[in-house]
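# Tertiary structure, described
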Amino acid sequence: MSDLSRRDLLKSVAAASAGIGLAQLGFAAPADAEPTAPVAESMMGVRFEPRDVPRIAIVGTGLRGRSVLGELLGVGNVRITALCDIVPEKVEMAKAQMKKAGHDYEPAVYTAGEHDFEKLCARDDIDLVYTATPWRWHVPVVLSAMRNGKHAATEVPAAYTIEDLWTLVDTSERTRRHCIMMENCCYGYNELMVLQMVRGGLFGELKHGGAAYNHDLRSILFETKDEGLWRRAAHTNRNGNLYPTHGLGPVARYLGIHSGDRFDYMVSVSTPEMGLTKWRAEHVPKDDPRWRERYACGDLNSSLIKTSRGRTIRLEHNVSSPRPYSRINSIEGTNGLFEDYPPRIYIEGRGKNDTWATIDTYRDEFEHPWWKQQGERARTGGHGGMDFIMAWRLVECIRQGLAPDLDVYDAAAWSAPGPLSERSVATGSAPVKFPDFTRGKWRAKGE
Ligand SMILES: NC(=O)c1ccc[n+]([C@@H]2O[C@H](COP(=O)([O-])OP(=O)(O)OC[C@H]3O[C@@H](n4cnc5c(N)ncnc54)[C@H](O)[C@@H]3O)[C@@H](O)[C@H]2O)c1
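Residues numbered from 1 in each chain as written. Predicted model: local features only at pLDDT ≥ 70, side-chain atom pairs only at ≥ 80, totals over all residues.

The next point concerns the overall build of the protein. Looking only at helices and strands, one finds 16 helices and 14 strands in the protein. Dimensions of the protein, computed from C-alpha atoms along their principal axes, come out at roughly 60 × 55 × 50 Å. Looking at the protein as a whole, 48% of its 447 residues qualify as buried. A sequence separation of at least 24 residues applies to 76% of the contacts in the protein between residues at least 6 apart. (Helix = DSSP H or I, 4+ residues; strand = E, 2+ residues; numbered from the N terminus. Buried ≥ 20, exposed ≤ 12 C-beta atoms within 10 Å, placed from the backbone. Contact = placed C-beta atoms within 7 Å.)

Structure follows, in structure tokens:
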């Protein structure tokens, strides 16, 4: 059976069981939520083999690939051995960036079509392949990398079907190569400070978090270059949370997901689609081929996740509406709460009763050591500095032979709300089970 038809079959089985669950059992547990037999030992906590100057290859040198390349060059102590893109000019731009940063050697170049990355992955002078391609290419690139003995790093989300997420987990375990999802928001200043607060017990016992990707992307989605060439397509055939990881990753870290807790199930609901249709009517000439598209994805998708320990997460996705940016980024415990956009905190017994405080008075106590150490350099980089800290940590973990901060189980669990929200929306908001990608290893405490 072809990959596509196997996937379709799985989807319809899952949808059918979700329907039965709602009607008869009150719960949906699709077949692919069940853990498969482990193929090998877990990859949790597995250390990189130390390498003083990590050799990195980049597949996809578009906007994001070149931005992360810039951060890696800024970190130093790396060698960029190969570059790949289907558009040769984009590789040339990346090469020029390298020259400017003083990397006076020629990286190997792969620009001969959509599968040329396979040749790159077969080289023997690469430690890690990082992909910043459009979503549908993340899985083929990271699988090829791992099967060729390289560690793999991917942009977000790692994948958008449960079947593919399992394949990433199985392949990482079988090949003993890491598959890291480069969730830069986990390295943000506020996110890491809040993580320190959580670990210091400031909020007491945690009960609820809030996470989102609420970002007005309408003009980007309709551009005739870069993301406009591919990202709008998902809005024509999927209805759910298309981009769950930026908000969810940091909140998963606060809640200790895979370190004593895990996502158990979720429900999801979408508003009608209105935003892209309205934008097109106002900005796109009537004879443009984009008028043949029909948008399926509701503007605001809202989900609720329940964890095995009973905690809850509100998760939103809204990229089609006029609104300011927000990842919500909130966490609440028995002593108080933090909410972002703008950042504010309330801790019972500290500060004025019933009144939000700024986080300024907490900085000295809780600023994260990575930001204390690298903050000045980081702030010159992308997304307020989180991209630099992410790149620096990746390089440091390889150099020192540490385990990566984020592993394949995080990649899978944080990406899973994409397909799971689609299932829930399609079945009248029926609850859908998360697979336990760790196969029970989430119970172990501590990082
Ligand atoms: N973490 C973040 O903050 C962040 C920000 C932006 C984008 N992203 C993610 O980065 C990825 C890329 O987004 P972008 O904004 O750079 O898009 P982009 O369109 O600017 O870049 C994608 C690049 O991939 C190339 N490409 C397409 N198919 C390929 C293939 N088979 N082999 C090699 N190259 C191929 C394209 O030619 C293009 O240069 C996406 O997954 C996106 O979600 C993450």
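Strand order in the open sheet made by the eight strands is E13-E12-E11-E7-E10-E9-E8-E14, with mixed pairing throughout. Single-partner strands in this sheet number two, and they are strand E13 (344–347) and strand E14 (432–433). One ladder, built from four bridges, connects strand E12 (residues 336–339) with E13; its direction is antiparallel. The residue of E13 that forms the bridge with Phe 338 is Ile 345. Set on the sheet, helix H16 (residues 417–426) makes contact with strand E8 (263–270), strand E9 (301–307), strand E10 (312–318) and E14; between it and E8 the angle comes to about 55°. (Pairing = 2+ DSSP bridges. Axes fitted to C-alpha atoms, helices over the stretch in contact; angles between N-to-C directions.)

Within helix H5 (residues 135–147), the full set of buried residues consists of Trp 135, Trp 137, His 138, Val 139, Val 141, Val 142, Ser 144, Ala 145 and Met 146. On its buried side, H5 packs onto strand E1 (55–59), helix H4 (117–121), strand E4 (128–131), strand E5 (151–154), helix H6 (162–175) and strand E6 (179–181). Following H5 by one or two positions, Gly 149 adopts a phi angle in the positive range, close to 85°.

By size, the foremost hydrophobic cluster in this structure holds 114 residues, and its most contacted members are Ile 58, Val 129, Leu 168, Ala 411 and Ala 412. Per-element tally for this core: the top contributor is helix H14 (residues 386–400), with 10 residues. Both domains that meet at this core, namely domain 1 (55–183) and domain 2 (186–386 + 405–443), each give it at least three residues. Here Val 129 is in contact with Ala 57, Val 59, Cys 121, Val 141, Ala 145, Lys 150 and Ala 152, once residues within four sequence places are set aside. (Core = buried A, V, L, I, M, F, W, Y, C linked by C-beta atoms within 7 Å. Domains from an automatic or database assignment.)

For the rest of this paragraph, the subject is the site of the ligand. Close to the ligand lie 25 residues; Gly 60, Gly 62, Leu 63, Arg 64 and Glu 155 are nearest. Elements represented by at least two residues in the shell around the ligand include exactly helix H2 (63–75) and H5. Ranked by residues supplied to the shell around the ligand, first place goes to H2 with three residues. Classifying every residue of the shell around the ligand by side-chain character gives 11 nonpolar, seven polar and seven charged. Built from parts of two domains, the shell around the ligand gets at least three residues from each of domain 1 (55–183) and domain 2 (186–386 + 405–443). (Near = placed C-beta within 6 Å. Nonpolar A, V, L, I, M, F, W, Y, C, P; charged D, E, K, R; others polar.)

Judged by pairing direction, the sheet is parallel, and its six strands sit side by side in the order E3-E2-E1-E4-E5-E6 without closing on themselves. Each edge of the open sheet carries a strand with a single partner, namely strand E3 (108–110) and E6. Each adjacent strand pair in this sheet contributes to an overall mean axis angle of 20°, direction not counted. Pairing geometry for E1 and strand E2 (residues 79–84), over five bridges, is parallel. When the bridges of E2 are listed, Val 59 appears paired with Cys 84.

What follows covers helix H10 (residues 245–254). An α-helical turn contains 3.6 residues, so a residue and the one three or four places further along point in the same direction. Among the 10 residues in H10, 10 count as buried, and that is most of the element. Buried within H10 we find Thr 245, His 246, Gly 247, Leu 248, Gly 249, Pro 250, Val 251, Ala 252, Arg 253 and Tyr 254. Directly beyond the C-terminal end of H10, a positive phi value near 65° is found at Gly 256.

Turning our eyes to something else, we now look at the confidence of the model for the protein. Averaged over all residues, the pLDDT of the protein equals 93, while 91% of them reach at least 70. Counted against residues more than four places away or in other chains, residues 1–26, with its pLDDT under 50, gives 34 contacts. (pLDDT = per-residue confidence, 0-100.)

Attention now moves to the domain arrangement of the protein. Here the protein is described as being made up of domain 1 (55–183) and domain 2 (186–386 + 405–443). Computed from C-alpha coordinates alone, the two centres of domain 1 and domain 2 are separated by 25 Å. Each partner contributes to the interface: domain 1 provides 23 residues, whereas domain 2 provides 24 residues. Taken together, the elements giving at least two residues each to the side of domain 1 that touches domain 2 come down to H2, H6 and E6. Residue contributions to the side of domain 1 that touches domain 2 peak at six residues, all from H6.

Moving on, we come to the packing of H2 against H14. Look at H2 against H14: their axes get within 9 Å of each other, and the N-to-C directions meet at 60°. Overall, the two elements H2 and H14 adopt an arrangement that is oblique. Seen along the crossing, H2 lies across H14 with a hand that is right-handed. Contacts from Ser 67, Val 68, Glu 71, Leu 72, Gly 74 and Val 75 of H2 reach H14 at Asp 387, Phe 388, Ala 391, Trp 392 and Val 395. (Parallel < 35°, antiparallel > 145°, perpendicular 65-115°, else oblique. Left-handed = near helix turned anticlockwise from the far one by under 90°.)

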